[in-house]
Amino acid sequence: MSSPADVVQARDVYGGVHFHAVDRLPVHPPARQLPGEAFGFVNRIDELGSLNRFLLDEAVRATLFVISGTAGVGKTALALRWAHAVRQRFPDGQLYANLRGYDPGQPSGPEQVLDRFLRALGVPASAVPPDLEDRAALYRSRLADRRVLVLLDNAASVRQVRPLLPGTNSCLVIVTSRSMLSGLVSRDGGRRLTLRVLSEGDAVALLRDVIAPYRAGDDPHELAELARLCARLPLALRIAAERAASRPFMPLAELIRDLRDESALWDALSADEGDDADAVRSVFAWSYRALNTSAARLFRLLGLQPGPDLSAPAAAALADLPEGQIRQPLDALVHAHLLEQNAPGRYQLHDLLRAYAADQARHLESEESRREAVSRVLRWYLHTADAALGRTLPFYRTMPLDPPSDVTPLSFATAEDADGWFTVEQDNLVAATRAAADAGLPRVAWHLAVLLRSVFMHRNAFDAWFATARTGLAAARSLGDKRAEAEALESLGKAHFQARQLVEAAEHHQAALTVRRDIRDEHGIAVSINALGLLALRHRRLDDALARFGESLDIFTRRDDQRWRALLLSNLAETRYELGDLAEAVPLLEQALAVQRGIDDRGQEGNSLFFLSLTLRELGRTGEALAAIKAALVIAENGSPVWLAHWLVEYARVQRALGHPAAAMEAAHRAATIQRRLGDRSREAVALDETGAAYQRLEQPGEAIAFHRRAAAMHRDLGDGWQLALTLDHLAAALTGTGHAEEAERHQREAVRLLTGFPDVRAQRLRQRVESGLREGPVSG
């Protein structure tokens, strides 16, 4: 079935997939998510020794560690140093999540982290459960009997951590937090290591490590005084050391005097705060005041950035600077250790620095200046997302935007570049949608949500899709914009449809249709009717689907919308095929293809070729079917792996019909491999079933039975009665050939019961054939 669906650019999906049993599908590679170790790490020998003892000594062994301590004391640095030292003991992978428990923005929830962890552990996106409890259970199941290291950084509460704990002692979990997290110790058996500030000697050593290449002859007593003013906290020490290193000819005593003056100012302004917090903020302020005007302003504005990190072009939009002028202030902040470059061209703030930057913005930037900065960066994300979508999916920009007046969005040379941008920026785009709604920019919020549905659709990124769509819906309703509301409802309908939540999908598509009828949006009405037709087709209510598609086609024909008209002709043809009206399906597809080729809609052309191959093959015109499906695969190779995987199964069927079962098996194998990576369990099951059919033709019934059984289990789990009936028929045929007549008959009887629920001609013919096999003994098909 087809509807406007977004194209994700093809990756390397071909290549030696040779497996010969259903349990030997490609294994997901172990996750290796640990960030690099911190620069300038010193000593902590006693702490590392304690951690090693509790891990290695069987008498006191623990597998859950909580590293607690004040902000800036080096908890993450210690955790990373130890994790890298022991990671070889955990060959099944290392998982890392920054829980952002103390970040000024929104912390990472356990649902969000589990979604990422499960994907990293090889769970297809569509198989990630929607609710927290089920995600946690699946996570524990995936980690059972595996040796995996899990580092949970910057946790704020036990509630944030507990769902992320494995249920096995074979894994190691390291948690860092400013809180004691007593519940993890008392209830979950964790060991706590409270990290103190560095000793004076270690603090001085850290200062020397940084400044030694740039300065010589500094008085040890002055270094000790600088360490004291930094409260011997590694974060503050690194910033202070960089300040000293960048001024090699300024006497250290003068630098210390400046810092002491800054410390006195903080003492006067924040008498209720602790000494450690005062020291850290004093160092921040000391370094901040040394920045040039451009770098200082950028630092303040970075506290307003909505997402967890940002690129140089996003920083330029935030600061209202040309991209060529943003590098110098960014470099200045990195060199001052006020900003971290976490990847080429990408930057992030420590949560303490982000809070300090936001505080400076509140004090030194006017409300109008702050509002304009936030608006600029959000509109930069919106218009860059629009440009990326225009490169990857030019037919799917459903809501045109006015040209940006004061931001310069990125442009993309290739669809691969645009798709890569969406991958890197996904978390920021979700955060930007939420931030736009919070900042009183509902038009930006709903536009972003509508743009992003086209991206998330082909990534099965359901958490991000649902979050942005719901934000967009609320934003549209706050404006009273009915057209925008319908777009958001349509997005939620598509998300539920793709997640196989068909009741919710129908509710949202029906709601969108109601709104569109109220505002007399004829185009939107036809789109919603088509969506309801697809739901009918999924439920195999074929007469209903035929009526819906026909109604939608009439509207698009009247409106002279060629692309949608062709798409509806293709949907009608698919329905005719399912009804067994093969002779009627062919001319519909030929009409659709003529239009799609004329407007260069390559994706939908490939989809029509796929349905044409299905139809021609069943008509016995196998050579023509082969030409059609080969042409479709050429399109898919340069377009969408979603389509490639789906269409490869039809290529396998054609090869099998031509008497080439080995080629059919290879194609079906490839399809199953790609579908597993894409996370479409239904289509993976179809590919596995076809693999079984190919093995049956190769006279390897044991392999055929294994693949058919796996496919049947998946269809049963998904509640897909039609596909389950087809697969049970194939399984019965394979079992009959190995003398398992009783089991074959049991599957045939179940198939008959399932097919009785489908009144269409194709289902009736299949039921009659299976019933005939029951009377005469199972026959292979």
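Further up the page is the structure itself.
Quantities reported herein were computed from a predicted structural model and do not represent experimental measurements.

### Here we look at helix α8 (residues 220-229)
Then comes step 1: Residues of α8 that are buried include every one of Leu223, Ala224, Glu225, Leu226, Ala227 and Leu229, and no others.
Then comes step 2: Alanine 231, located one to two residues past α8, shows a positive phi value of around 60 degrees.

### Remarks on the pattern of salt bridges
Then comes step 1: Evaluation of the coordinates by the stated rule reveals 49 salt bridges.
Then comes step 2: Of the charged contacts in the structure, one is a salt bridge between aspartate 760 and arginine 540, with a shortest N-O distance of 3.1 Å. With a gap of 220 residues between them, aspartate 760 in the loop between α33 (741-756) and α34 (761-776) and arginine 540 in the loop between α22 (522-538) and α23 (542-558) connect regions that are remote in the sequence.
Then comes step 3: Residue classification places aspartate 760 among the buried residues on the basis of a relative accessible area of 7%.
Then comes step 4: In this structure, the salt-bridge partner of arginine 576 is glutamate 584, at a minimum N-O distance of 3.4 Å.
Then comes step 5: Exposure remark for glutamate 584: the relative accessible area of 42% places this residue in the partly exposed category.

### Focus: the sheet that holds strand β8 (residues 346-348)
Then comes step 1: Taken together, the three strands give an open sheet; going across it, the order is β6-β8-β7, and neighbouring strands pair in antiparallel fashion. Two strands close off the open sheet at either side, each with one partner strand: β6 (310-311) and β7 (340-343).
Then comes step 2: Pairing of β7 with β8, which is carried by three bridges, proceeds in the antiparallel orientation. Pairing of glutamate 340 across the sheet is with glutamine 348, part of β8.

### Remarks on the sheet that holds strand β3 (residues 149-155)
Then comes step 1: Here we have five strands laid out as an open sheet, ordered β2-β3-β4-β1-β5, and parallel in their pairing. Of all strands in the sheet, those bounded by a partner on one side alone are β2 (94-98) and β5 (191-194). Put simply, the sheet's adjacent strands are angled 15 degrees from each other on average, direction ignored.
Then comes step 2: Taken together, the five bridges between β3 and strand β4 (residues 172-177) define a ladder with parallel strand orientation. Bridge pairing in β4 places alanine 155 opposite serine 177.
Then comes step 3: Taken strand by strand, helix α2 (residues 75-86) contacts β1 (64-68), β3, β4 and β5, and its axis lies near 165 degrees from that of β4.

### Considerations on the packing of aromatic side chains
Then comes step 1: All told, the structure shown has 18 aromatic pairs when counted by the stated rule.
Then comes step 2: For the ring pair tyrosine 695 and phenylalanine 707, a centre distance of 5.5 Å and an interplane angle of 25 degrees mean the geometry is stacked. On the criterion of sequence distance, the pair formed by tyrosine 695 in helix α30 (residues 681-697) and phenylalanine 707 in helix α31 (residues 701-718) is long-range, its members being twelve residues apart. Comparing tyrosine 695 with phenylalanine 707, the two get one shared label, buried.
Then comes step 3: Ring centres 5.6 Å apart and planes at 80 degrees place the aromatic pair tryptophan 722 and phenylalanine 758 in the edge-to-face group. With tryptophan 722 in helix α32 (residues 721-736) and phenylalanine 758 in the loop between α33 and α34, this residue pair connects regions lying 36 residues apart in the sequence.
Then comes step 4: Tryptophan 722 gets classed as buried once you look at its relative accessible area, which sits at 10%.
Then comes step 5: One aromatic cluster is present, formed by Trp380, Tyr381, Phe412, Trp421 and Phe422 through successive ring pairs.
Then comes step 6: The ring of tryptophan 722 has arginine 540 sitting right over it, with the charged end atom 3.5 Å from the ring centre.
Then comes step 7: The positively charged end of arginine 762 is found above the aromatic ring belonging to tyrosine 577, 4.3 Å away from the centroid.

### With respect to the side chain of threonine 384
Then comes step 1: Tracing the chain through its elements places threonine 384 in helix α16 (residues 367-392).
Then comes step 2: Judged by its relative accessible area of 0%, threonine 384 falls in the buried class.
Then comes step 3: Within the local environment of threonine 384, its side chain forms a polar contact with the backbone nitrogen of leucine 410, the two atoms lying 3.3 Å apart.
Then comes step 4: Aside from chain neighbours lying at most four places away, what touches threonine 384 is Pro409, Leu410, Phe412 and Trp421.

### A few points about the pairing of β4
Successive residues of a regular strand alternate their side chains across the two faces of the sheet.
Then comes step 1: Where burial is concerned, most of β4 is hidden: six out of the six residues are buried.
Then comes step 2: Here β1 pairs with β4 via five bridges, running parallel. Across the sheet, leucine 64 pairs through a bridge with valine 173, a residue of β4.

### Brief notes about the packing of helix α1 (residues 45-56) against α2
Then comes step 1: Viewed as axis vectors pointing N to C, α1 and α2 meet at an angle of 45 degrees, and their least axial separation amounts to 11 Å. In terms of their interaxial angle, α1 and α2 are classed as oblique. Pair α1 / α2 crosses with right-handed handedness. Of the residues in α2, those touching α1 at Glu47, Leu48, Leu51, Asn52 and Leu55 are Leu78, Arg81, Trp82 and Val86.
Then comes step 2: Each residue belonging to the contact of α1 with α2 can be placed in one class, and the counts come to six nonpolar, one polar and two charged.

### Observations regarding unusual backbone geometry
Then comes step 1: A positive phi angle, near 55 degrees, is found at arginine 520, a position not held by glycine.
Then comes step 2: On the basis of relative accessibility, which here comes to 76%, the residue arginine 520 falls in the exposed class.

### Focus: the packing of helix α18 (residues 442-456) against helix α20 (residues 482-498)
Then comes step 1: Viewed as axis vectors pointing N to C, α18 and α20 meet at an angle of 35 degrees, and their least axial separation amounts to 10 Å. In this structure, α18 meets α20 at a crossing whose hand is left-handed. Contact with α18, carried on its side by Trp446, Val450 and Arg453, involves Ala484, Glu487, Glu490 and Ser491 of α20 and no other residues of that element.
Then comes step 2: Residue classes in the contact of α18 with α20 are distributed as three nonpolar, one polar and three charged.

### A few points about the pairing of β1
Then comes step 1: Judged by how many residues are buried, β1 sits mostly within the fold: five of five residues are covered.
Then comes step 2: By the alternation rule, side chains of β1 split into Leu64, Val66 and Ser68 and Phe65 and Ile67, which are all buried.
Then comes step 3: Sheet topology note: the β1/β5 ladder contains four bridges and is parallel. Considered in β5, the bridge of valine 66 is made with arginine 192.

### A few points about helix α26 (residues 602-618)
Then comes step 1: Between its first and last C-alpha, α26 extends 25 Å over 17 residues, near the 24 Å set by a 1.5 Å rise per residue.
Then comes step 2: Of all 17 residues that make up α26, 15 are buried, and the element is covered over most of its length.
Then comes step 3: Once α26 ends, the next one or two residues include glycine 620, with phi positive near 85 degrees.

Criteria and thresholds
Residues numbered from 1 in each chain as written. Predicted model: local features only at pLDDT ≥ 70, side-chain atom pairs only at ≥ 80, totals over all residues. Heavy atoms only, no water. Buried < 20%, exposed > 50% of the residue type's maximum accessible area, 1.4 Å probe, protein only. Helix = DSSP H or I, 4+ residues; strand = E, 2+ residues; numbered from the N terminus. Salt bridge = Lys/Arg side-chain N within 4 Å of Asp/Glu carboxyl O. Pairing = 2+ DSSP bridges. Axes fitted to C-alpha atoms, helices over the stretch in contact; angles between N-to-C directions. Contact = heavy atoms within 4.5 Å. Phe/Tyr/Trp six-rings, centres within 6.5 Å; stacked < 30°, edge-to-face > 60°. Lys NZ or Arg CZ within 6 Å of the ring centre and 35° of its normal. Polar contact = N/O pair within 3.5 Å; in protein donor to acceptor, adjacent residues only side chain to side chain. Parallel < 35°, antiparallel > 145°, perpendicular 65-115°, else oblique. Left-handed = near helix turned anticlockwise from the far one by under 90°. Nonpolar A, V, L, I, M, F, W, Y, C, P; charged D, E, K, R; others polar. Expected span 1.5 Å × (residues − 1).

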